[in-house]
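# Analysis of the macromolecular model
Each chain, letter by letter, is given below.
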Amino acid sequence: MAKENASLPGRAREAADNDVTVLRAAREIFAEQGWNAPVSAIAARAGVGVGSIYRRYRGKEELAQSLRVWAIDHLATLARECVSTAKTDEAVLKTFFLRYLTESVGPLIPVLGGRLPEHAEVTRAAEELEAALQSMVDVCVDTREVPPGFTAADVMLMTVHLRPTLPIEGDRATEIHTRYLDFMLDGLRGGTPQPSITPPSWSEWLQMWQGA
């Protein structure tokens, strides 16, 4: 995001950087305190005044919708980068999840899922994310990192299962999450989907994320 903003003129770049700071703070605060977290806590974490947030967003719902778009766009970019920069002997899905575990705060579905109305920008971002993830999954199927039948929606639900809330923070929490990532990926490489279990569809994941 910082690289994208670097090409903007001075004031526009400053505004974009401030917006990213607020969105990062919102993600952290929502992950820590849940949906009922006050905007004042987000402002304090971002180091800005509450008024500056309300000048940019009309309320917490609009801020949360922008946060969802920003988070989805980040994952889509991450998936594309993992595919485009992968070496021939590199586990693409593992790289994706390792970066996810170290670069993001945590999944937003438990906090925001089902709480917000459908939003055109969220839908647009989700469509682009599905395409990016499916391209990554196709590569992983070809390299046998995942079995046939593994879906883009499986990737998104794994992001939730890999980041449960723990009463610890920092590097140790990441180490624990990474330990279970190894178990999950080993299972995917060695197993096959159970035919009696219907895999999650993208629309099913989107309903959890976007709300009914």
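Residues numbered from 1 in each chain as written. Predicted model: local features only at pLDDT ≥ 70, side-chain atom pairs only at ≥ 80, totals over all residues. Heavy atoms only, no water.

## Quick notes on helix α11 (residues 202-210)
We apply this condition: Only protein chains enter the area calculation, which uses a 1.4 Å probe; residues under 20% of their type maximum are buried, those over 50% are exposed, and those in between are partly exposed. A run of DSSP states H or I qualifies as a helix once it reaches four residues; a run of E qualifies as a strand once it reaches two. Both are numbered from the N-terminal end. What the arc covers is the set of directions going from the helix axis to the C-beta atoms. Should any heavy atoms of two residues lie within 4.5 Å, those residues are considered in contact.
The set of residues buried in α11 consists of Trp202, Trp205, Leu206, Trp209 and Gln210. Mapping the buried residues of α11 onto a view down its axis gives an arc of 120°, with all of them on the same face. As for α11, its buried residues are in contact with α5 (60-84), α7 (109-112), α8 (120-142) and α9 (152-161).

## A look at the side chain of arginine 68
How we decide: All tallies of charge rest on Lys and Arg as positive and Asp and Glu as negative; His and the ends of each chain are not included. The working definition used for a salt bridge is a side-chain nitrogen of Lys or Arg within 4 Å of a carboxyl oxygen of Asp or Glu.
Take arginine 68: it is sitting in helix α5. Buried within the structure, arginine 68 lacks any salt-bridge partner; its nearest side chain of opposite charge belongs to glutamate 61, at an N-O separation of 8.0 Å. Other than its neighbours up to four places away in sequence, arginine 68 contacts Leu112, Leu116, Pro117, Val122, Trp209 and Gln210.

## Regarding the nonpolar core
The following threshold applies: Note on terminology: a nonpolar core comprises buried Ala, Val, Leu, Ile, Met, Phe, Trp, Tyr and Cys residues joined through side-chain atoms within 4.5 Å.
Counting 63 residues, the largest nonpolar core has Leu93, Phe96, Leu133 and Trp205 as its most contacted members. The dominant element in this core, judged by the number of residues it contributes, is α5, at twelve residues. Not counting chain neighbours up to four residues away, the residues in contact with tryptophan 205 comprise Ile109, Ala126, Leu129, Ala153, Met156 and Leu157.

## Re the environment of arginine 45
The condition is simple: Each polar contact in these results corresponds to two N or O atoms within 3.5 Å; when the atoms are within protein, one needs to be able to donate a hydrogen and the other to accept it, and residues that are neighboring in sequence are counted only if both atoms are side-chain atoms.
For arginine 45, the location among the structural elements is in helix α3 (residues 39-46). Considering only alpha carbons, one finds arginine 45 and threonine 21, 24 residues apart in sequence, at a separation of 8.9 Å. Apart from residues no more than four positions distant in its own chain, arginine 45 is found in contact with Ala25, Glu28, Ile29 and Glu32. Within the structure, the side chain of arginine 45 is placed 2.9 Å from the side chain of glutamate 28, a separation counted as a polar contact.

## Topic: the pattern of salt bridges
Side chains bearing opposite charge may pair, as long as their charged atoms lie close to each other. Considering all chains together, one arrives at twelve salt bridges under this definition. Here arginine 58 makes a salt bridge to glutamate 62, at a shortest N to O gap of 2.6 Å. With a relative accessible area of 77%, arginine 58 lands in the exposed category. You can call glutamate 62 partly exposed: its relative accessible area is 23%. A salt bridge links glutamate 81 to arginine 99, with the shortest nitrogen-to-oxygen separation between them at 3.0 Å.

## Overview of the side chain of threonine 151
For threonine 151, the location among the structural elements is in the loop between α8 and α9. Since its relative accessible area comes to 17%, threonine 151 is described here as buried.

## Considerations on the packing of aromatic side chains
The condition that has to hold: Only rings of Phe, Tyr and Trp enter the pairing, Trp through its six-membered ring, and a pair is recorded when the two centres are within 6.5 Å. The plane angle decides the type: under 30 degrees is stacked, over 60 is edge-to-face, the rest tilted.
Under the defined criterion, the tally for this structure stands at four aromatic pairs. Ring geometry for phenylalanine 30 against tryptophan 35: centres 5.7 Å apart, planes inclined by 20°, an arrangement best described as stacked. Overall, the relative accessible area of 0% leaves phenylalanine 30 in the buried class. The class of tryptophan 35 is buried, set by a relative accessible area of 17%.

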